[in-house]
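Structural description and commentary
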Amino acid sequence: MADPSVRDSSERVVGRLAPSPTGALHLGNARTFLLAWLSIRKQGGALILRMEDIDSPRVKPWARQATLQDLRWLGLDWDYGPDVGGPHQPYTQTERAEVYLQILNDLVTRDWVYPCICSRSEIALCASAPHESADGPIYPGTCRHRSSRDAQTLGTDQFAWRWRTDDRPIRVHDQVHGIIDRSVARELGDFVVARSNGWPAYQLAVVVDDFLMQVTEVVRGDDLLSSTFRQADLLRRMDWPQPSYAHVPLIVGPDGRRLAKRHGDTRLTYFRERKISNLAMVGYLAWTCGLLESPQPIRPNDLLAALDWNRLTKSPTIFDLQRDFSVLESISR
Ligand code: GLU
């Protein structure tokens, strides 16, 4: 069987920046996007900006524009996106409903998905503690006996489409974490691919978009590592190629938890308004993940030679507003 991680070397590398416009860009997202940008630019590839504005109640309309501005302030650019167009437009997920619906219909016809009427609380109640996965309880399989055709006789339109996972283990080659094998069925369980409101869930939308947009490299935060196995399960069944992956560490607060308001203001705008320069921010971000020996102002282009997945730190970076603000201030002068 062909190894999905090995691609034809004549193929052009295509990457993507895939922000969810749920608020202003913070340091953690900024660093992930910087790394995704560096990797593609270093390989002379093409970069897509895709606005992932479905599947989150936290989407804020103003954040679409603000995100683009923040990325540009950092000195990042893209070849295709909502603002520049491109061969696979639209690049905003809420404008791609028809595309997802077509694929979903195909999954329904093939009976690869089944209608699930379980509520979150019912699932939490049924799932026994030892099987709890890091990102929520494993679906106990209550509706798994249904076929996709049963949707017509359910007597309700309040159901989600759930993916029937495959028992066979999935192998992912990650440029940061190496080779990882996991069983989606045992470790993660059947997952939702379309919500009862008719919209596809993140797992399906991202796989469809990456495939249709011919993305060959996915660089994202390592909080999405388990999602990668779900997505790889979808890819395998659809016979679509696996892109290459690099899951990069997150920036967390002193309590070890992902950046949030309680850790102080970590939005890029906070620093920008306080005269922290964009070059200082780029150098600081590169230093915090091991690409630079010391913090210094630098342009993204001048970091291309420094990007090396083997040098990248694997553990999360701990952010401390007071300490790190002084570092940023000292290199902004
Ligand atoms: N939109 C996701 C986020 O901002 C990233 C999804 C992905 O890279 O697959 O966290």
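The structure this text deals with has already been given above.
The following paragraphs examine the structure supplied in this document. Note that this is a predicted model, so its numbers are computed, not measured.

Rules behind the numbers
- The residue count restarts for each chain, going from 1 along the sequence in the order it is written.
- Local features in this predicted model are restricted to residues of pLDDT 70 or higher, and side-chain atom pairs are both shown and tallied only at a pLDDT of 80 or more, whereas totals for entire chains, interfaces and linings draw on every residue.
- Hydrogens and water are ignored here; the side-chain numbers use all heavy atoms of the structure.
- Stacked, tilted and edge-to-face are the three classes assigned to paired rings of Phe, Tyr and Trp, where Trp is represented by its six-membered ring and a pair needs centres within 6.5 Å; plane angles under 30 degrees give stacked, over 60 edge-to-face, the rest tilted.
- Numbering of helices and strands runs from the N terminus, with a helix taken as a DSSP run of H or I at least four residues long and a strand as a DSSP run of E at least two residues long.
- For each residue, the accessible area found with a 1.4 Å probe, counting protein chains only, is set against the maximum for its type, and the residue is called buried under 20%, exposed over 50%, and partly exposed in between.
- Working rule for contacts: check all heavy atoms of both residues, and any pair within 4.5 Å makes them a contact.
- Lines fitted to C-alpha atoms define the axes here, with helix axes fitted over just the stretch in contact, and angles between the N-to-C directions of these axes take values from 0 to 180 degrees.
- We call two directions roughly parallel when the angle between them is under 35 degrees, roughly antiparallel when it is over 145, roughly perpendicular when it lies between 65 and 115, and oblique otherwise.
- When the near helix sits turned anticlockwise from the far one by under a right angle, the crossing is termed left-handed; a clockwise turn instead gives a right-handed crossing.
- Being near a molecule or strand, for a residue, comes down to having at least one heavy atom within 4 Å of it.
- Here a polar contact is recorded for every N or O atom pair within 3.5 Å, except that within protein the pair must consist of a potential hydrogen donor and a potential acceptor, and residues adjacent in sequence are included only if both atoms are side-chain atoms.
- Using a 1.4 Å probe, accessible areas were evaluated by the Shrake-Rupley method; residue-level cover was limited to the displayed protein chains.
- Residues are grouped as follows: nonpolar covers Ala, Val, Leu, Ile, Met, Phe, Trp, Tyr, Cys and Pro; charged covers Asp, Glu, Lys and Arg; every other residue, Gly included, is treated as polar.

This part takes up the packing of aromatic side chains. Scanning the model with the defined rule gives 7 aromatic pairs in all. For the pair Phe211 and Trp240, a centre-to-centre distance of 3.9 Å together with 5° between the ring planes defines the contact as stacked. With a gap of 29 residues between them, Phe211 in helix α6 (residues 202-212) and Trp240 in the loop between α7 (225-238) and β9 (244-248) connect regions that are remote in the sequence. Phe211 sits in the partly exposed class, given a relative accessible area of 30%.

Before going further, it helps to spend a moment on the environment of Ala286. Here Ala286 lies in helix α9 (residues 278-288). Sequence spacing of Ala286 and Pro300 is 14 residues, and the spatial spacing of their C-alpha atoms is 9.2 Å. Those residues in contact with Ala286 that lie beyond four places of it in its chain are Leu291, Leu292 and Leu303.

Between α6 and α7, the least distance of the axes is 10 Å, while the angle of their chain directions is 55°. Judged by the angle between their axes, α6 and α7 are oblique. Here the hand of the crossing between α6 and α7 comes out right-handed. Across the interface between the two elements, Tyr202, Gln203, Leu204, Val206 and Val207 from α6 touch Ser227, Arg230, Gln231, Leu234, Leu235 and Met238 from α7.

So, on to the site of the ligand. For the ligand, the full set of nearby residues is Arg16, Ala18, Ser20, Glu52, Tyr202, Val206, Arg220 and Leu224. Contact distances for the ligand include 2.8 Å between an oxygen atom and a side-chain N or O atom of Arg16. The side chain of Ser20 places a nitrogen or oxygen atom 2.8 Å from a nitrogen atom of the ligand. Protein contact buries 78% of the 300 Å² of open area that the ligand shows by itself. Grouping the constituent residues of the shell around the ligand by class yields 4 nonpolar, 1 polar and 3 charged.

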